Amino acid sequence: MAKIIVVTSGKGGVGKTTTSAAIGTGLAQRGNKTVIIDFDVGLRNLDLIMGCERRVVYDFVNVLQGEASLTQALIKDKRTDNLFILPASQTRDKDALTQEGVQKTLDELAQTFEYIICDSPAGIEKGAQMALYFADQAIIVTNPEVSSVRDSDRILGILQSKSLRAETGGEPVQEHLLLTRYNPTRVAAGEMLSVEDVEDILAIPLLGVIPESESVLKASNQGTPVILDEDAEAGQAYDDAVERLLGNEKPHRFLDVKKTSFFKRLLGGKT
Amino acid sequence: MSIFRYFRRTKSSTSANTARDRLQVIVAHERSQRKQPDFLPRMQQEILDVIKKYINISQEQISVQLDDSDDCSVLELNITLPEDLAQSSAK
């Protein structure tokens, strides 16, 4: 049985696509046949983050409208075995996504894939609702910042009322909190919400904390999922999150301020 | 972190704490609204219309609230009546 995982947040710019790329790659690295679908019709970006933007011929909307087959539209990742990308259309609008069409495509993908990652657009409009409707699990990407936390709570409300599982009275969608752009130094200084604060407010289980890191921008510049950067803390944190998603226990890392010398702190050096 | 900030740090009045407190309030408020059934605003309007037939009151003088506790729900209807009830009766 394929598992459908939506990566969503409500607010834009918090790291949904970065997370979809990283988690999808991590699952595929471990031998699971995985496809990542870009649901952001009109504003596709997963292809850029995955570094396959020049290999897009057909897209998700072409498949929905019968203009191309899934095999034609799926892009095989060149770096990671078992990983495929289904890009969004850049020219159509969100109305191209119909519930029947999306269901048919997901059913077809479920026959060959073990994990289907749905990269949701920002907002709570049709694109976002379609991305989460068929989900078995949801990764709620949140920044430690007021508007992001509030929007995440809003998306949780939609998952709990407007998903297929909610409407049919099935088992609720399994929710995971992924806190991104976390800066332990600012948390210690009382300038940023702590992971405990966000967990307390949203009241869903914590999948992982991704530290704010220069390597995330570097990875997107290069079109490489950050999880492949094994030296980067952000890459390692995503790797831990994938392990937890698969049910393995991993202690959380990078939550505390890195130790710097007393003199560095005294001089106000950047920590 | 400079030497000044190192000593100035106080636990309760940080901006992160303000953020947490504000979020707790707004999220709790929005969750309670989410749980309300769709018909509540319409019912509220109809109750108001009935009362308006007899007494001159405005929208602000009536509040309808639904409280969900573990095993029962309480529908609370709160109407602030004008001081002189007889004179303010609607024609």
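Every value quoted in this text rests on a predicted model; they were computed, and no experiment measured them. (Residues numbered from 1 in each chain as written. Chains lettered and ligands numbered in written order. Predicted model: local features only at pLDDT ≥ 70, side-chain atom pairs only at ≥ 80, totals over all residues. Heavy atoms only, no water.)

Visitor: Would you explain the overall build of chain B in this entry?
Guide: Of regular secondary structure, chain B possesses three helices and two strands. Listed by position from the N terminus, the elements making up chain B come as α-α-α-β-β. Looking at the 91 residues of chain B, the share that counts as buried comes to 16%. Look at the contacts in chain B between residues 6 or more apart in sequence, and 39% of them connect residues 24 or more apart. Accessible surface, chain B as shown: approximately 7,200 Å² in total, 52% of it carbon and sulfur. (Helix = DSSP H or I, 4+ residues; strand = E, 2+ residues; numbered from the N terminus. Buried < 20%, exposed > 50% of the residue type's maximum accessible area, 1.4 Å probe, protein only. Contact = heavy atoms within 4.5 Å. Areas by Shrake-Rupley, 256 points an atom, 1.4 Å probe, with all protein chains shown as cover.)

Visitor: What am I meant to see in the side chain of D136 of chain A here?
Guide: Tracing the backbone shows D136 of chain A in the loop between α6 (126-133) and β6 (137-142). For D136 of chain A, a relative accessible area of 18% translates into the label buried.

Visitor: Sorry if this is basic, but what is going on with the sheet that holds strand β5 (residues 115-119) of chain A here?
Guide: Sheet strands pair by backbone hydrogen bonding; their relative direction is either parallel or antiparallel. Residues and elements named next belong to chain A. Sheet architecture is open: eight strands sit in the order β3-β4-β2-β5-β1-β6-β7-β8, paired in mixed fashion. Edge positions in the sheet fall to β3 (75-76) and β8 (206-211), since each of these pairs with one other strand and no more. Judged from the five bridges that link them, strand β2 (residues 34-38) and β5 form a sheet pairing that is parallel. Paired with T34 across the two strands is Y115, which belongs to β5. Packed onto the sheet, helix α1 (residues 16-29) meets β1 (3-8), β2, β4 (83-86), β5, β6 and β7 (174-182) and runs at close to 170 degrees relative to β5. (Pairing = 2+ DSSP bridges. Axes fitted to C-alpha atoms, helices over the stretch in contact; angles between N-to-C directions.)

Visitor: Quick question: what am I supposed to make of the pattern of salt bridges here?
Guide: Pairing between side chains becomes possible if they bear opposite charge and their charged atoms approach one another. All names here are of chain A. All chains considered together, the criterion is met by 14 salt bridges over all chains. Residues R253 and D240 are paired through a salt bridge, measuring 2.9 Å at the closest nitrogen-oxygen approach. Of this pair, R253 sits in the loop between α12 (233-245) and α13 (262-266) while D240 sits in helix α12, and the two are 13 residues apart along the sequence. Given a relative accessible area of 35%, R253 falls into the partly exposed group. Taken together, the shared-partner salt bridges in this structure form one network comprising R30, D239 and E243. (Salt bridge = Lys/Arg side-chain N within 4 Å of Asp/Glu carboxyl O.)

Visitor: I keep staring at helix α5 (residues 99-110) of chain A and nothing clicks. Help me out?
Guide: Three or four residues apart is the spacing at which side chains of an α-helix point the same way, because the helix has 3.6 residues per turn. All names here are of chain A. End to end, α5 covers 16 Å across twelve residues, agreeing with the expected 16 Å (1.5 Å per residue, within 8%). Those residues of α5 not exposed but buried are G101, V102, T105, L106 and L109. Taken around the axis of α5, the buried residues stretch over an arc of 130 degrees, which confines them to a single face. For α5, the exposed residues set more than 90 degrees away from the buried face come down to E100 and K104. (Expected span 1.5 Å × (residues − 1). Arc of directions from axis to C-beta.)

Visitor: Just to check I follow, could you spell out the packing of helix α7 (residues 146-162) of chain A against helix α2 (residues 15-35) of chain B for this structure?
Guide: A pair of packed helices is captured by two measures, namely the crossing angle of their axes and the spacing between those axes. Interaxial distance between α7 of chain A and α2 of chain B falls to 10 Å at its minimum, and their mutual angle equals 20 degrees. When the axes of α7 of chain A and α2 of chain B are compared, the pair comes out roughly parallel. As for the relative orientation of α7 of chain A and α2 of chain B, their crossing is right-handed in sense. Where α7 of chain A abuts α2 of chain B, its residues V146, V149, R150, D153, R154 and G157 of chain A lie against A19, L23, I26, V27, E30, R31 and R34 of chain B. Partitioned by chemical class, the residues of the contact of α7 of chain A with α2 of chain B number six nonpolar, one polar and six charged. (Parallel < 35°, antiparallel > 145°, perpendicular 65-115°, else oblique. Left-handed = near helix turned anticlockwise from the far one by under 90°. Nonpolar A, V, L, I, M, F, W, Y, C, P; charged D, E, K, R; others polar.)

Visitor: Help me understand the pairing of β8 of chain A, please; the structure alone is not making it clear to me.
Guide: The side chains of a regular strand alternate, first on one face of the sheet and then on the other. Residue and element names in this part refer to chain A. With respect to burial, β8 is a largely interior element, six of its six residues being buried. With four bridges connecting them, β7 and β8 associate as parallel partners. Within β8, the position partnered with L177 by the bridge is L206.

Visitor: I tried to follow the packing of aromatic side chains on my own but got confused; where do I start?
Guide: Each aromatic ring pair is specified by the distance between its two centres and by the angle formed by the two planes. Residue and element names in this part refer to chain A. One pass over the full model with this rule turns up three aromatic pairs over all chains. Between F39 and F60 the ring centres are 5.2 Å apart and the planes differ by 80 degrees, which places this aromatic pair in the edge-to-face class. Placement of the pair is F39 in the loop between β2 and α2 (46-49) and F60 in helix α3 (residues 60-64), with a sequence separation of 21 residues. For F39, a relative accessible area of 0% gives the class buried. Here the guanidinium or amino end of K33 rests over the ring plane of F113, the centre of that ring lying 4.8 Å away. (Phe/Tyr/Trp six-rings, centres within 6.5 Å; stacked < 30°, edge-to-face > 60°. Lys NZ or Arg CZ within 6 Å of the ring centre and 35° of its normal.)

Visitor: Would you mind showing me how to read the nonpolar core here?
Guide: In summary, soluble globular proteins display a tendency toward joint burial of nonpolar side chains. Residues and elements named next belong to chain A. Of all hydrophobic cores here, the largest spans 54 residues; its most connected members are V35, I37, F39, L86, V102 and I116. The leading source of residues in this core is α7, at five residues. Residue contacts for L86: discarding those within four places in its chain leaves V35, I36, I37, D38, D59, F60, V63, L70, A73, L74 and T105. I5, L27, V141 and F254 belong to the second-largest nonpolar core, a separate cluster that totals 34 residues. (Core = buried A, V, L, I, M, F, W, Y, C linked by side-chain atoms within 4.5 Å.)

That's the geometry; what it means functionally is another story.
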